[in-house]
Amino acid sequence: MTDLAHQSDWPSSKHALVRDAILSMLDELDVGDALPSERRLAASLGVSRPTLRAVVDELVREGLLLRRHGSGTYVAEPKIALPLMMTSFSEDMARRGMKPSSRVVSFDVTTAGAKLGQRLNLSPMDEVWVITRLRLADDETMAIEWLHAPRKLLPDLRREELASRSFYDLLRERRGIVIAKGVQTIEPTVTSLQEAELLGVPLHAPAFLFERTTESEDGRVVEFVRSVYRGDRYRLVTELRPPRR
Ligand code: GLP
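This text gives an overview of the structure that appears in the document.

Our focus in this paragraph is the environment of Phe210. Looking at the secondary structure, you find Phe210 in strand 8 (residues 206-216). Placed 17 residues apart in sequence, Phe210 and Ser227 show a C-alpha to C-alpha distance of 5.1 Å. The residues contacting Phe210, other than those within four sequence positions of it, are Leu82, Leu84, Gln184, Thr185, Ile186, Val225, Arg226, Ser227, Tyr229 and Leu236.

Before going further, it helps to spend a moment on the sheet that holds strand 9 (residues 221-230). By way of backbone hydrogen bonds, the strands of a sheet pair with one another, either parallel or antiparallel. Spatially, six strands are ordered 4-5-6-9-8-7 in an open sheet, and the strand pairing comes out antiparallel. Two strands in the sheet have a free side with no partner beyond their single neighbour: strand 4 (100-111) and strand 7 (179-190). With direction set aside, neighbouring strand axes in the sheet form an average angle of 15 degrees. Pairing of strand 5 (residues 127-137) with strand 6 (residues 140-150) involves 10 bridges; the strand directions are antiparallel. Across the sheet, residue Ala137 finds its bridge partner in strand 6, namely Glu140.

An ideal rise of 1.5 Å per residue puts 18 Å on 13 residues; helix 3 (residues 49-61) measures up with 18 Å between its terminal C-alpha atoms. Of all the positions in helix 3, only Leu52, Val55, Val56, Glu58 and Leu59 are classed as buried. For helix 3, the angular spread of buried residues about the axis comes to 155 degrees, placing them on one side. For helix 3, the exposed residues set more than 90 degrees away from the buried face come down to Pro50 and Arg61. Close packing links the buried residues of helix 3 with helix 1 (13-28), helix 2 (38-45), strand 1 (65-68) and strand 2 (72-75). Looking one or two residues beyond helix 3, the residue adopting positive phi is Gly63, at roughly 85 degrees.

The next point concerns the nonpolar core. Counting residues in each nonpolar core, the largest one holds 18 residues, and the members touching the most others are Phe107, Ile131, Leu154, Leu157, Leu162, Phe167 and Leu171. Put simply, the parts of the chain that give this core at least two residues each are strand 4, strand 5, strand 6, helix 7 (167-175) and strand 9. Of the residues forming this core, the biggest block, four residues, is contributed by helix 7. Excluding anything up to four places from it in sequence, Leu171 contacts Leu153, Leu154, Gly176, Ile177, Ile179 and Val222.

Before going further, it helps to spend a moment on the pairing of strand 2. Inspection of the sheet shows strand 1 paired to strand 2 by four bridges, in the antiparallel sense. Bridged to Leu65 within strand 2 is Val75. What sits between strand 1 and strand 2 in their antiparallel hairpin is a turn of three residues, with Gly70 showing a positive phi close to 75 degrees.

Cut-offs applied
Residues numbered from 1 in each chain as written. Predicted model: local features only at pLDDT ≥ 70, side-chain atom pairs only at ≥ 80, totals over all residues. Heavy atoms only, no water. Helix = DSSP H or I, 4+ residues; strand = E, 2+ residues; numbered from the N terminus. Contact = heavy atoms within 4.5 Å. Pairing = 2+ DSSP bridges. Axes fitted to C-alpha atoms, helices over the stretch in contact; angles between N-to-C directions. Expected span 1.5 Å × (residues − 1). Buried < 20%, exposed > 50% of the residue type's maximum accessible area, 1.4 Å probe, protein only. Arc of directions from axis to C-beta. Core = buried A, V, L, I, M, F, W, Y, C linked by side-chain atoms within 4.5 Å.

The following block contains the structure:
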């Protein structure tokens with residue numbers, strides 16, 4: 001029989017202890033601060049360099065540390081804890097004291113067709129906006145969103161407006177349409193070449209894929225959105241409650 005605790009690739013308790021020690025060290029450091037060199041850190045924690053390296057690699061993968069080749073290891077920006085609620089990107093970022101903005105990558109009108117028509121509750125010949133936005137917070141890339149919305153909701157929408165304005169705000173201000181509820185799916189994914197280039201992350205970087213269909217208070221479907229959120233900048237938070245009986 002194999003004793004798992006003695007397999008070399010099984011996270012040992014030493015690994016967990018070193019991890020805890022580094023995590024408490026991170027509490028004392030600021031974003032962008034450098035970690036001591038691997039040699040010094042291994043010596044001060046009394047562990048071998050391979051053990052230390054395995055822990056640091058893990059924290060880099062989790063996005064807590066950032067490794068710059070030839071330079072060292074640094075404290076990364078904390079991830080944004082995204083509550084799974086019916087909010088807009090702009091609202092979420094503003095609540096965190098960050099400035100939301102968008103780069104409108106493409107801005108088109110097309111006919112809905114069968115599938116999108118069904119999703120948006122439109123006839124296949126109805127016009128829809130198909131808009132790609134790169135979403136930024138304090139000028140840092142966060143997500144890409146492919147928005148599909150019935151054109152009749154905002155027939156005169158202009159490309160420039162979406163660079164600085166919230167789609168949900170425009171719906172409310174111009175048409176009195178208030179977002180009420182939606183259905184969202186979340187899947188893990190990795191970035192494609194195009195996504196990686198837009199987001200400025202490596203190819204095949206971890207990311208979250210969201211698909212959301214949103215309804216207004218008066219029961220109209222206002223959007224179908226596919227979005228890719230950076231996995232190194234987000235973690236998802238859900239509040240858990242007992243099921244309703
Ligand atoms: C979130 C949602 C999208 C929605 C967007 C609106 O990111 N995932 O479905 O379209 O917010 O954001 P804003 O109102 O900032 O344009």
